[in-house]
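Architecture at a glance
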Amino acid sequence: VTLMDTRQLLIDTAERIFADHCDKTVLDAAERGEFPESLWKIVRENGFHELAMADSGVDLKDAFAVLRVAGRHALPLPMAEILLANRWLRSASELTVIGRLEGGRIADVPWAQTAQRVLGIDWDSGEGVSTPVSAEAIETDRNVAAEPRDNLSAAAATQLGLNEPAFEMLALGRVAAMAGCLERILELSLQYASEREQFGRPISKFQAIQHNLAVVAGEVAAASRAADAAIDALEGDRFALEVAAAKARVGEAAGIVAESAHQVHGAMGFTHEHQLHHFTRRVWSWRDEYGNEAFWQQRLGQHLAEIGADKVWDFLATRG
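About the thresholds
- Residues numbered from 1 in each chain as written.
- Predicted model: local features only at pLDDT ≥ 70, side-chain atom pairs only at ≥ 80, totals over all residues.
- Heavy atoms only, no water.
- 1 Å grid on protein atoms, 1.4 Å probe; cavity = no way out; pocket = protein on both sides within 12 Å on 5 of 7 lines; lining within 4 Å.
- Points joined across faces, edges and corners; volume = space filled by probe spheres on them.
- Helix = DSSP H or I, 4+ residues; strand = E, 2+ residues; numbered from the N terminus.
- Nonpolar A, V, L, I, M, F, W, Y, C, P; charged D, E, K, R; others polar.
- Axes fitted to C-alpha atoms, helices over the stretch in contact; angles between N-to-C directions.
- Parallel < 35°, antiparallel > 145°, perpendicular 65-115°, else oblique.
- Left-handed = near helix turned anticlockwise from the far one by under 90°.
- Contact = heavy atoms within 4.5 Å.
- Phe/Tyr/Trp six-rings, centres within 6.5 Å; stacked < 30°, edge-to-face > 60°.
- Buried < 20%, exposed > 50% of the residue type's maximum accessible area, 1.4 Å probe, protein only.
- Pairing = 2+ DSSP bridges.

Enumeration according to the criterion identifies 2 cavities of 30 Å³ or more in this entry. Approximately 200 Å³ is the volume attributed to the largest cavity. Taken together, 20 residues line the largest cavity, and the ones lying closest to its centre are Leu75, Leu77, Pro78, Met79 and Trp286. Of all elements in the fold, only helix 4 (60-72), helix 5 (79-89) and helix 6 (166-195) reach the threshold of two or more residues within the lining of the largest cavity. Residue composition of the lining of the largest cavity, by class: 14 nonpolar, 2 polar and 4 charged. Its volume calculated, the second largest cavity comes out at about 50 Å³. Lining the second largest cavity, in full, are Ala30, Glu31, Pro76, Trp111, Ala145, Ala146, Glu147, Pro148 and Arg282. Residue composition of the lining of the second largest cavity, grouped by class: 6 nonpolar, no polar and 3 charged.

A few words on the packing of helix 4 against helix 6. In contact at an axis separation of 6 Å, helix 4 and helix 6 are set at 40° when each is read in the N-to-C sense. By the angle between their directions, the pair helix 4 and helix 6 is classed as oblique. Here helix 4 runs over helix 6; the crossing is right-handed. Between helix 4, through Leu60, Phe64, Leu67, Arg68, Gly71 and Arg72, and helix 6, the contact on the second element is made entirely by Met169, Leu172, Gly173, Ala176, Ala177, Ala179, Gly180, Cys181, Glu183, Arg184 and Glu187. Residue classes in the contact of helix 4 with helix 6 are distributed as 9 nonpolar, 3 polar and 5 charged.

Right, let's get into the packing of aromatic side chains. A full pass over the atoms with the stated rule returns 9 aromatic pairs. Ring geometry for Trp123 versus Tyr290: centroids 6.3 Å apart, planes at 40°, classification tilted. In this pair, Trp123 is assigned in the loop between strand 3 (117-121) and strand 4 (128-132) and Tyr290 in the loop between helix 9 (276-286) and helix 10 (293-307), connecting sequence segments 167 residues apart. The exposure class assigned to Trp123 is partly exposed, which follows from its relative accessible area of 22%. Tyr290 gets classed as buried once you look at its relative accessible area, which sits at 8%. Ring geometry for Phe167 against Phe295: centres 5.7 Å apart, planes inclined by 85°, an arrangement best described as edge-to-face. Taken as a pair, Phe167 in helix 6 and Phe295 in helix 10 lie far apart in primary sequence, 128 residues in all. In this structure an aromatic cluster arises from ring pairing among Trp123, Phe167, Tyr290, Phe295 and Trp296.

What follows concerns the pairing of strand 6 (residues 150-153). In this sheet, strand 6 lies alongside strand 2 (residues 105-109) in antiparallel orientation, the contact comprising 3 bridges. Directly across from Val109, in strand 6, lies its bridge partner Asp150.

Now for the sheet that holds strand 1 (residues 96-102). Across the sheet, 7 strands lie side by side as 5-6-2-1-3-4-7; this open sheet has mixed pairing. Looking at which strands have only one partner, the edges of the open sheet turn out to be strand 5 (138-139) and strand 7 (158-160). Here strand 5 pairs with strand 6 via 2 bridges, running antiparallel. The partner of Glu139 across the bridge, within strand 6, is Asn151. In this fold helix 5 packs onto strand 1, strand 3, strand 4 and strand 7, with an angle of close to 85° to the strand it touches most, strand 1.

Purely geometric numbers; function is a separate question.
This is the structure in structure tokens:
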């Protein structure tokens, strides 16, 4: 069995599981603060929470391919944080998630109130800490997509040895999920435009709608390619730079795609009953998590300034 066969098998399996067990009812319940326990149980039973671990027998790139499928289904589980936490702890015995370490607290932790352990990663230094979760220490909060983003004290934390670029890998997790989410937004827009009729014909026949759909398709293609390039660069010399380019490009696409998709759907897309908002609110939220476009563009700009004008073309045109 080749690596590509293994990846496709994982993607197909994830697609079936997430399609069967992650519907609008599950998403709505998660937004009300209900942890998707049955979905989490199925993820564990199929070993998906261990995919990024060094001894999983699976290429790390395959784990990020599964994160893309999770994004396509707006999976209400913090899969990137779970996968990478288990990788860095070398254990999957507890539900462990990750937040941003800042001073004496860990911020923006997904589902901290349900987790048993939290890792805090310092964005600047890349250093990490590990702490058990104490319910009384949690301040609950949410992002625009109503996903839990809690804060808790890091007073009882212990140092965590990390020999990987943790912040960049977490950012890549968002890139992969956003790419999948954008693909789904395109699918929903195409489907709606072909089914919705106005003046006796599908709205997909109108030039303005066709233009919007073409814009969405172009942005989704660019985002997918950027995500692929960053995943392919895993463990390579250019990894941090490819992540910077991808997070910036996919974040830019998120704004354009969400806006155009809502224009195609009209008022229907803004209703709670329609599923579009589960995806557009996630890409709006995720584009700002682990560095927004400006943050990563600045990193790229600093690198280009350091290498000098004579080497910019080589940097852009080659993998060197």
